[in-house]
Amino acid sequence: MKAPLIGVIGGMGTMATAAFYEKLHSLQDVTTEQEFIDVIIYSKPSIPDRTEFILGRNKESPLCALIEAAKILENAGAAILVLPCMTSHFFYDELVKEVRTKLINLPDEVVKAVSANGFKKVGLLATEGAIKGKILQDKFEKSGIETVIPGVKAQEKLTKIIYGIKKGKQPAIGLPADVTAELTGKGAQAIVLGCTELCIGTVEGKNYINTLDILAETTLRESDRQ
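Residues numbered from 1 in each chain as written. Predicted model: local features only at pLDDT ≥ 70, side-chain atom pairs only at ≥ 80, totals over all residues. Heavy atoms only, no water.

## Looking at the overall build of the protein chain
- Scanning the protein chain from terminus to terminus reveals ten helices and eight strands.
- For 226 residues, the compact-globule estimate of 2.2 N^0.38 gives 17 Å, and the C-alpha radius of gyration of the protein chain, at 17 Å, lies within 12% of that figure.
- Projected onto its principal axes, the C-alpha coordinates of the protein chain cover approximately 50 × 45 × 35 Å.
- A total of 226 residues make up the protein chain; the buried ones form 51% of that total.
- Put simply, of all contacts in the protein chain between residues at least 6 apart along the chain, 74% involve residues at least 24 apart.
- For the protein chain, the accessible surface area stands at approximately 10,800 Å², while carbon and sulfur atoms represent 51% of it. (Helix = DSSP H or I, 4+ residues; strand = E, 2+ residues; numbered from the N terminus. Rg over C-alpha atoms; globule rule 2.2 N^0.38 Å. Buried < 20%, exposed > 50% of the residue type's maximum accessible area, 1.4 Å probe, protein only. Contact = heavy atoms within 4.5 Å. Areas by Shrake-Rupley, 256 points an atom, 1.4 Å probe, with all protein chains shown as cover.)

Below you can see the structure in the form of structure tokens.
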């Protein structure tokens, strides 16, 4: 029986969307080309900047564009929706009210993965919008996990890296050592890559939580359930 059609609300950013599909593809163990999961990717980089809206620097909400993209995929037959952008999950509750199709909740899946690893204190690298919106921090707190975030200068450096990748700049190998050292110095047992741009081209160890990997693994698992 053919797996259900996956719909990807993409373009936030474009390289993260491409990386997600590559990860999903690499997880599948098939004997023929025809066995790969069918996927529709709607790359819509025109969706307004999530962080700018959350921070109040732009009054144009991304929600309407997210709903439009989700409905297009839904009407095309997608049985599972995927959103490979952590900051966009700020709008998750409002978005799921407008669609019938299951939308994977990436923050929930990340918290499950962190809990399963037994970490009690994690460092979070994410966009300013995701941090201000407490997209992950609130969920970690409810699960008894403490979160530490970068200071102002470290966050500025991280923001520059994230938006460079969004503009098409190739990601560097590895994360800035001073940024990660700041978090581990505050007692972080692991580093959560809470922005999907940061999940591209990063040299990782067992103490790095790649949220794009988690999303790909969850998508494959949900596909098998249907």
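## A closer look at the sheet that holds strand E1 (residues 6-10)
- Pairing is parallel in the open sheet, where four strands are placed in the order E2-E1-E3-E4. Unpaired on one side and paired on the other, strand E2 (39-43) and strand E4 (102-103) mark the two borders of the sheet.
- Here strand E3 (residues 80-82) pairs with E4 via two bridges, running parallel. The partner of Ile80 across the bridge, within E4, is Lys102.
- Against the sheet, helix H3 (residues 63-75) engages E1, E2 and E3, with an angle of about 155° to E1. (Pairing = 2+ DSSP bridges. Axes fitted to C-alpha atoms, helices over the stretch in contact; angles between N-to-C directions.)

## Overview of the environment of Arg221
- When you line up the elements, Arg221 lands in helix H10 (residues 211-225).
- Within the structure, the side chain of Arg221 is placed 3.1 Å from the side chain of Glu109, a separation counted as a polar contact. (Polar contact = N/O pair within 3.5 Å; in protein donor to acceptor, adjacent residues only side chain to side chain.)

## Structural notes on the pattern of salt bridges
- Going through the model one piece at a time under the given rule, you end up with eleven salt bridges.
- Between Arg57 and Glu52 there is a salt bridge whose closest N-O contact spans 2.9 Å.
- With a shortest N-O distance of 3.6 Å, Arg100 and Glu74 are connected by a salt bridge. Within this pair, whereas Arg100 is found in the loop between helix H4 (92-96) and E4, its partner Glu74 is found in helix H3, the two being separated by 26 residues in sequence.
- Salt bridges sharing common partners tie together Glu109, Lys112 and Arg221. (Salt bridge = Lys/Arg side-chain N within 4 Å of Asp/Glu carboxyl O.)

## Considerations on H3
- Across its 13 residues, H3 extends 18 Å between first and last C-alpha, which sits within 8% of the 18 Å expected from 1.5 Å per residue.
- Of all the residues in H3, the buried ones are Leu63, Ala65, Leu66, Ile67, Ala69, Ala70, Leu73 and Glu74. (Expected span 1.5 Å × (residues − 1).)

## Some thoughts on the pairing of strand E5 (residues 121-125)
- Where burial is concerned, most of E5 is hidden: five out of the five residues are buried.
- The two faces of E5 match: Lys121, Gly123 and Leu125 on one face and Val122 and Leu124 on the other face are all buried.
- Looking at chain direction, E5 and strand E6 (residues 146-148) are connected through three bridges and run parallel. Directly across from Lys121, in E6, lies its bridge partner Glu146.
- With four bridges joining them, E5 and strand E7 (residues 190-193) adopt parallel strand pairing. When the sheet's bridge partners are listed, Val122 is paired in E7 with Ala190.

## Details of the sheet that holds E6
- In spatial order, the strands read E6-E5-E7-E8; together these four strands make up an open sheet with parallel pairing. For this open sheet the edge positions go to E6 and strand E8 (208-210), each flanked by a neighbour on one side alone. Averaged over neighbouring strand pairs, the angle between their axes works out to 30° when direction is ignored.
- Packed onto the sheet, helix H9 (residues 177-185) meets E5, E6, E7 and E8 and runs at close to 155° relative to E5.

## Digging into the packing of aromatic side chains
- Going through the model one piece at a time under the given rule, you end up with two aromatic pairs.
- Measuring from ring centre to ring centre gives 5.9 Å for Phe53 and Phe91, while their planes differ by 40°; the resulting arrangement is tilted. Of this pair, Phe53 sits in helix H2 (residues 50-54) while Phe91 sits in the loop between E3 and H4, and the two are 38 residues apart along the sequence.
- Judged by relative accessible area, which is 2%, Phe91 ranks as buried.
- Pairing Phe90 with Phe91 gives two aromatic rings, centres 5.1 Å apart and planes at 80°, and the pair type is edge-to-face.
- Members of the aromatic cluster, each reached through a chain of ring pairs, are Phe53, Phe90 and Phe91. (Phe/Tyr/Trp six-rings, centres within 6.5 Å; stacked < 30°, edge-to-face > 60°.)

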